[in-house]
Amino acid sequence: MDTSEFFAPVRSTPDSGDGAADTAANPVGVSANIEADPSQKGEATPDPAPTSAPAPTVAKAERQPVWIDLLSPTPEEIHAIEERFGIEVPTREEMQEIELSSRLYDEDGALFMTVSVLNRATTDAPQTTAVTFILVKKTLITLRYADPVPFKTFIRRVKRSPSLANSAEAVLFGLLEQIVDRLADVMEQTATDLESLSNQVFANPEDRGSDQDHRDSLRQIGRTGNLSGKAKDSLLNLHRVGLFLSTQTRLKKDAKARLKVISRDIVSITEHANFIANKVTFLLDATLGMISLEQNNIIKIFSVAAAAFLPPTLIASIYGMNFDVMPELSWQFGYPVAIGLMVLSAVLPLWYFKRKGWL
């Protein structure tokens, strides 16, 4: 559980008091727990005494966060968010549903958008985790049960540059851009790995050394195919979110222009992901073909050996028969002649196979 609230930066005006100056000095406020004191969440706290508070302090207390990030929230935290904003937060099971109506919908002016985000992309077991974006009034609420890299990166960027979180829409598009950038980086690294893997698959068997069975190659191909498939699933969800947001009239002109850039990036990365998927299929077929060729070469060697040693076996079988009348048994050079016939009958087929290029 790690729940944080981010506030938009506030600029001090020439006639501002000390309270406004303090707000400008710390433009992004982060509270680790939404169940903390209401004054840390931007809610007004009633004064116990009937004294009037300064105007700048009241304005600061009434500020609403532009972004509430719910990471593995407790039921109490979810209930607090529902009471605070008058919405119904989807459950973890509802976030896993694949119906479009369950992932993208408008409920009393609040936009609910659930996407699959690639997680643990650099490990041997990449995953996709469902993340729900709730755009209600002037606040963006993100609900997630994992901590993918794009969220870590964007939070660090917001702490360095508070202007990135000057509105809920800015945070939403910033997160979407970060997710798309992460997918682009993963696809670029995947393409580089596939190029190296391709050189390994089509390398000379003598240069490949002991890696004749291609087991490592098959593992890498399987991992890359799994990764590209999950990346395509995430890109599909992002594309649907882009189409859903493009129909919302509440977005301003500059926000829609930013959305168009994100949509173009999604399309280009999707095309690259399709190219990687096709290359994975090609490398898989090529690797299986190489394995089949090596197996055929082994079977061919056994077949040639069996054909080469069949005549010597026939000669030895004949002279191993227990018959009374076998003229060769009384010859002085019968044994050397039989041995010579066996060797000659083995060498001739081998020479013929070699000349034909079968060996």
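Here is what the cut-offs are and how they apply
Residues numbered from 1 in each chain as written. Predicted model: local features only at pLDDT ≥ 70, side-chain atom pairs only at ≥ 80, totals over all residues. Heavy atoms only, no water. Core = buried A, V, L, I, M, F, W, Y, C linked by side-chain atoms within 4.5 Å. Buried < 20%, exposed > 50% of the residue type's maximum accessible area, 1.4 Å probe, protein only. Helix = DSSP H or I, 4+ residues; strand = E, 2+ residues; numbered from the N terminus. Contact = heavy atoms within 4.5 Å. Salt bridge = Lys/Arg side-chain N within 4 Å of Asp/Glu carboxyl O. 1 Å grid on protein atoms, 1.4 Å probe; cavity = no way out; pocket = protein on both sides within 12 Å on 5 of 7 lines; lining within 4 Å. Points joined across faces, edges and corners; volume = space filled by probe spheres on them. Nonpolar A, V, L, I, M, F, W, Y, C, P; charged D, E, K, R; others polar. Patch = residues over 30% accessible without salt bridge, like charges linked within 9 Å, V, L, I, M, F, W, Y side chains within 5 Å. Areas by Shrake-Rupley, 256 points an atom, 1.4 Å probe, with all protein chains shown as cover. Lys, Arg positive; Asp, Glu negative; His and termini not counted. Charge placed at Lys NZ, Arg CZ, Asp CG, Glu CD. Pairing = 2+ DSSP bridges. Axes fitted to C-alpha atoms, helices over the stretch in contact; angles between N-to-C directions.

### Examining the nonpolar core
Item 1. Of all hydrophobic cores here, the largest spans 54 residues; its most connected members are W67, M113, F133, L140 and L245.
Item 2. Here this core gets 15 residues from one element, more than from any other, and that element is helix α7 (residues 168–201).
Item 3. If sequence neighbours within four positions are ignored, L140 has contacts with V66, W67, I68, F133, I134, L135, A168, V171, L172 and L175.
Item 4. The next biggest cluster of nonpolar side chains, apart from the first, holds 15 residues, and it includes I68, I78, F85 and L143.

### Remarks on the pattern of salt bridges
Between side chains of opposite charge, a pair can form when the charged atoms approach closely.
Item 1. Counting across every chain of the model gives seven salt bridges.
Item 2. Ionic pairing is found between D69 and R144, a salt bridge with its closest N-O pair at 2.5 Å. Taken together, the residues span a long stretch of sequence, with D69 in strand β3 (residues 67–71) and R144 in strand β7 (residues 139–144) at a distance of 75 residues.
Item 3. Here D69 falls in the buried class, since its relative accessible area comes to 2%.
Item 4. The shortest N-O distance in the salt bridge between E195 and K279 comes to 3.0 Å.

### Examining empty space enclosed by the protein
Item 1. As enumerated under the stated definition, the model contains one cavity of 30 Å³ or more in all.
Item 2. Taken as a whole, the largest cavity encloses approximately 50 Å³ of empty space.
Item 3. Considering the residues around the largest cavity, the lining is formed by L176, L238, V241, G242, L245, L259, I262, S263 and I266.
Item 4. The set of elements that each furnish at least two residues to the lining of the largest cavity consists of α9 (215–246) and α10 (253–308).
Item 5. Here the lining of the largest cavity is built from residues that sort into seven nonpolar, two polar and no charged.

### Some thoughts on a positive patch on the surface
Item 1. On the surface, K152, R156, R157 and R160 cluster together into a patch of positive charge.
Item 2. With respect to the helices and strands, R160 occurs in helix α6 (residues 149–160).
Item 3. Under the relative-accessibility criterion, R160 is labelled exposed at 61%.

### Here's the deal with the pairing of β7
Item 1. The buried fraction of β7 is high, at six of six residues.
Item 2. What you see with β7 is no split at all: T139, I141 and L143 on one side and L140, T142 and R144 on the other are buried throughout.
Item 3. In this structure, β3 lies alongside β7, joined through five bridges in parallel fashion. The residue bridging I68 from the neighbouring strand is I141, located in β7.
Item 4. As defined by bridge partners, strand β6 (residues 127–136) adjoins β7 across six bridges and the pair is classed as antiparallel. Within β7, the residue paired with V131 across the bridge is R144.

### Details of the packing of α10 against helix α11 (residues 310–319)
Item 1. Close contact between α10 and α11 brings their axes to 4 Å; oriented N to C, the two are set at 35°. Two secondary-structure elements touch here, α10 through A306, A307 and A308 and α11 through L310, P311 and P312.
Item 2. Tallied by class, the residues present in the contact of α10 with α11 amount to six nonpolar, no polar and no charged.

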